[in-house]
Amino acid sequence: MAQTVAQPTTSSTAIPAKLPIGAIVPWAVFFGVLMLVLLYFVGAEQGATSLLSGEGVHEWVHDARHLLGFPCH
């Protein structure tokens, strides 16, 4: 039975990939707008600035309102 010994390898330092800002900005804007829309529906929909009639949206985000500290009743 032969025994093998691990040989040390030469370590190379990892170089992070360069991302151009132009590739990040559209995604950052998209997710920023998406977060603002979600914040609106969780925090303000069915209030004075309601866009949709009824209480469907309110019921869907009711627990999220309480979790985030928004008053709803």
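Given the structure is predicted, the values throughout are model-derived calculations rather than measurements.

### Comments concerning the overall build of the chain
For the chain, the helix and strand inventory stands at three helices and zero strands. What you see in the chain, going N to C, is helices and strands ordered as α-α-α. When each of the 73 residues of the chain is scored for burial, the buried share is 10%. Within the chain, contacts between residues at least 6 apart in sequence are counted, and of these 16% link residues at least 24 apart. Carbon and sulfur atoms form 70% of the exposed surface of the chain, whose accessible area is close to 6,700 Å².

### So, a nonpolar patch on the surface
The grouping of Leu19, Ile21, Ile24, Val25, Val29, Val33 and Val37 at the surface amounts to a nonpolar patch, some 630 Å² of accessible area in total. Note that valine 25 resides in helix H1 (residues 21-43).

### Thoughts on the packing of aromatic side chains
Aromatic rings in a pair are described by how distant their centres are and how their planes are angled relative to each other. Counted by the stated rule, this structure contains three aromatic pairs. Relative to phenylalanine 31, the ring of tryptophan 27 lies with its centre 6.1 Å away and its plane at 25 degrees, an arrangement referred to as stacked. Within this pair, tryptophan 27 and its partner phenylalanine 31 are both found in helix H1, separated by four residues, close to a single helical turn. By relative accessible area, which is 55% here, tryptophan 27 ends up exposed. Taken together through their ring pairs, the aromatic side chains of Trp27, Phe30 and Phe31 make up a single cluster.

### Remarks on the environment of proline 71
By the secondary structure assignment, proline 71 is in the segment after helix H3 (62-68). Sequence separation between proline 71 and alanine 44 is 27 residues; the distance between their C-alpha atoms is 9.6 Å.

What counts and what doesn't
- Residues numbered from 1 in each chain as written.
- Predicted model: local features only at pLDDT ≥ 70, side-chain atom pairs only at ≥ 80, totals over all residues.
- Heavy atoms only, no water.
- Helix = DSSP H or I, 4+ residues; strand = E, 2+ residues; numbered from the N terminus.
- Buried < 20%, exposed > 50% of the residue type's maximum accessible area, 1.4 Å probe, protein only.
- Contact = heavy atoms within 4.5 Å.
- Areas by Shrake-Rupley, 256 points an atom, 1.4 Å probe, with all protein chains shown as cover.
- Patch = residues over 30% accessible without salt bridge, like charges linked within 9 Å, V, L, I, M, F, W, Y side chains within 5 Å.
- Salt bridge = Lys/Arg side-chain N within 4 Å of Asp/Glu carboxyl O.
- Phe/Tyr/Trp six-rings, centres within 6.5 Å; stacked < 30°, edge-to-face > 60°.

Function-wise, these values are silent; they only describe arrangement.
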